[in-house]
Amino acid sequence: MSSSPTIGVLAIQGDVREHSKRLAESGAVVRAVKLHSDLAGISGLVIPGGESTTMSILAERNHLLEPLRELSKEIPMYGSCAGLIMLADVVTDGRVDQPTIGGLHITAQRNAFGRQRDSFEIDLDIAALGSPAFHAIFIRAPLVTRVSPAVQVLATIREPVAFGDTHSHDERVVAVRQGNLLATSFHPELTSDLRFHQYFVEMVRSA
Ligand code: GLN
C-alpha cells in the first residue's frame, strides 16, 4: 500500500470538509464520494457525522447503499457519529425503515444522551491511541448498546447511574473496531488532534 493512500469521504451529507481536512493532514489523498463511480480505486472510506436518516435516504437514492455494503467487506471504513449509525447492523430509535450499510456487529441507539446532554465534550482514555487523553466532542450522539464478541471496544464513557440511594457508574461504549471497520460516537474531525485519523490511515495502509 502506498504511503499516501487514497481515502474517500462519503460526501452526500454531513461534515465532509472537516474529515477531508483531517485525512489530508494525516497523509491521505482525499476523494469526495458522491456517486458509485467515485468508489473505484479508493483504499478506505470515511462516513462523516451528520444526520443518519437523511444520509441513508440520499445514499439509497444515489444507488450507493448496496455498493457500499459490498465495499465494506473489502476496504477499511470509519464512521463518526451518524457514520457509526450507518455502519451498525442494528439501529434503535431510528426511522422505522432506516437502512444502513451495516457490517459492524453492534446495536447503535440514536440520540442516546437525551436532551440535557445533547452536546458535550469529555476527555477519554483510549489505550489504542496512548496518552494524553483524547478530547471527544459529542453532538446528538449515538451509543453502542450491544457489541458482538467480534467487536473490540476502544473507548467507553462513565455515566453516573443511581440505584435507590446509592450512586454508581455505568461504562457506555463510544468507540469500536471490528477488523477493518472503525466507528466513534464522537467527532475527532472537529478537533486538531489527528490521532484517530492517523489510526485509520494506518489501518488503510496495512489492510
Ligand atoms: N443524531 C444524528 C443521527 O442520528 C447523529 C448526529 C451527528 O452525527 N452529530 O444521525
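Our subject is the structure listed above.
This one's a predicted model, so the numbers in the text were calculated from it and none came from an experiment. Here the residue numbers are simple positions, counted from 1 along each chain's written sequence. Per-residue local features of the predicted model are confined to residues with pLDDT of at least 70, and side-chain atom pairs are confined, for both listing and counting, to 80 or more; whole-chain, interface and lining totals are unaffected and use all residues. Only hydrogens and water are removed before side-chain values are computed, so all heavy atoms of the structure are retained for them.

Asker: For this particular structure, what's the right way to read the overall build of the protein?
Answerer: Counting secondary structure elements, the protein contains five helices and twelve strands. On C-alpha atoms alone, the protein measures out to a radius of gyration of 16 Å, which is about the 17 Å that the 2.2 N^0.38 rule sets for 207 residues. In terms of overall dimensions, the protein has a C-alpha envelope of 60 × 40 × 30 Å along the principal axes. Any residue under 20% of the maximum accessible area for its type is buried, any over 50% is exposed, and the rest in between are partly exposed; the area is computed with a 1.4 Å probe on protein chains only. Counting across all 207 residues of the protein, residues that qualify as buried make up 50%. The contact definition used throughout considers only heavy atoms, calling two residues in contact when any of these lie within 4.5 Å. Looking at the protein alone, contacts between residues at least 24 apart form 64% of all its contacts between residues at least 6 apart. Helical segments are the DSSP runs of H or I of at least four residues, strand segments are the runs of E of at least two, and each set is numbered from the N terminus. Each radius of gyration is computed over the set of C-alpha atoms, and the globule rule expresses the reference value as 2.2 Å times the number of residues to the power 0.38.

Asker: Explain the packing of aromatic side chains to me, please; I cannot follow it from the model alone.
Answerer: The relative placement of two aromatic rings is captured by the distance of their centres and the angle of their planes. For Phe, Tyr and Trp, rings pair up if their centres lie within 6.5 Å, where Trp contributes its six-membered ring, and each pair is then called stacked (planes under 30 degrees apart), edge-to-face (over 60) or tilted (otherwise). In total, this model carries ten aromatic pairs according to the counting rule given. For the ring pair Phe113 and Phe120, a centre distance of 5.0 Å and an interplane angle of 65 degrees mean the geometry is edge-to-face. Using a relative accessible area of 11% as the deciding quantity, one classes Phe113 as buried. Aromatic rings pair up to connect Tyr78, Phe113, Phe120, Phe134, Phe138, Phe186, Phe196, Tyr199 and Phe200 into one cluster.

Asker: Would you mind going over the layout of surface pockets with me for this structure?
Answerer: To locate leftover empty space, one rolls a probe as large as a water molecule over the atoms. Space inside and on the surface of the protein is sampled on a 1 Å grid over the protein atoms alone, with a cavity defined as a set of points where a 1.4 Å probe fits but cannot get out and a pocket as an open set with protein on both sides within 12 Å along at least 5 of 7 lines; lining residues have an atom within 4 Å of a point. Grid points are joined across faces, edges and corners, and a volume is the space filled by probe spheres set on the points. Of the pockets and cavities examined, the largest pocket occupies roughly 160 Å³. Taken together, 13 residues make up the lining of the largest pocket; nearest its centre are Gly50, Glu51, Cys81, Ile139 and Arg140.

Asker: I tried to follow unusual backbone geometry on my own but got confused; where do I start?
Answerer: Negative phi is the rule for most residues except glycine; trans is the rule for most peptide bonds. Residue Ser131 is joined to Pro132 through a cis peptide bond whose omega torsion reads 5 degrees. Structurally, the position occupied by Pro132 is in the loop between strand E7 (119-124) and strand E8 (134-139). Even without a glycine there, the phi angle at Asp93 is positive, about 60 degrees. Taking the relative accessible area as the measure of exposure, Asp93 reaches 52% and is therefore exposed.

Asker: Just checking my understanding: could you explain helix H1 (residues 16-25) for this structure?
Answerer: Think of an α-helix as turning once every 3.6 residues; residues three or four places apart then point the same way. Every buried residue belonging to H1 is among Val16, His19, Arg22 and Leu23, and all of these are buried. In a view along the axis of H1, the buried residues occupy a sector of 135 degrees, so they form one face of it. Buried residues in H1 make contact with strand E1 (6-10), strand E2 (29-33), strand E3 (44-47), strand E4 (77-80) and helix H5 (195-205). Gly27 sits one or two positions beyond H1 and adopts a positive phi of about 100 degrees. Starting at the helix axis, one direction is taken to each C-beta atom, and the arc is that of these directions.

Asker: Is there a simple way to explain the site of the ligand in this structure?
Answerer: Contacts to the ligand come from Gly49, Gly50, Glu51, Ser52, Cys81, Ala82, Ile85, Arg110, Asn111, Ile139, Arg140 and His187. Whenever two N or O atoms come within 3.5 Å, that pair is a polar contact, provided that in protein one can donate a hydrogen and the other can accept it, and provided that, for residues adjacent in sequence, both atoms are side-chain atoms. Between an oxygen atom of the ligand and a main-chain N or O atom of Ala82, the distance comes to 3.1 Å. Contact with the protein chains removes 95% of the 300 Å² of surface that the ligand exposes when unbound. Assignment of a molecule to a cavity or pocket requires that more than half of its atoms lie within 2 Å of the corresponding grid points. With respect to the detected pockets, the ligand is housed in the largest pocket. Put simply, a residue is near a molecule or strand once any heavy atom of it comes within 4 Å of that molecule or strand. Note on areas: these come from Shrake-Rupley sampling with a 1.4 Å probe, and a residue is covered only by the protein chains present in the view.

Asker: What exactly am I supposed to notice about the environment of Asp97 here?
Answerer: With respect to the helices, strands and loops of the structure, Asp97 is situated in the loop between strand E5 (88-92) and strand E6 (104-109). Of the residues examined, Asp97 reaches a relative accessible area of 56% and is grouped as exposed. Taking C-alpha positions, Asp97 is 19 Å from Pro67, a pair spaced 30 residues apart along the chain.

Asker: In this structure, what is going on with the nonpolar core? I would like to understand it.
Answerer: Side chains that are nonpolar tend, in soluble globular proteins, to be buried together. Each nonpolar core is a collection of buried residues, namely Ala, Val, Leu, Ile, Met, Phe, Trp, Tyr and Cys, held together in the definition by side-chain atoms within 4.5 Å. Counting 32 residues, the largest nonpolar core has Leu124, Phe138, Val174, Phe186, Phe196 and Phe200 as the members making the most contacts within it. With six residues, H5 is the largest single contributor of residues to this core. Those residues in contact with Phe200, other than ones at most four positions away along the chain, are Ile7, Leu23, Gly44, Leu45, Val46, Pro76, Met77, Tyr78 and Leu182.

Asker: Is there a simple way to explain H5 in this structure?
Answerer: Taking burial as the measure, the eleven residues of H5 include eight buried ones, the bulk of the element. Taken residue by residue, H5 has Arg195, Phe196, His197, Tyr199, Phe200, Val201, Met203 and Val204 as its buried positions.

Everything listed here is a matter of geometry and, on its own, says nothing about what the molecule does.
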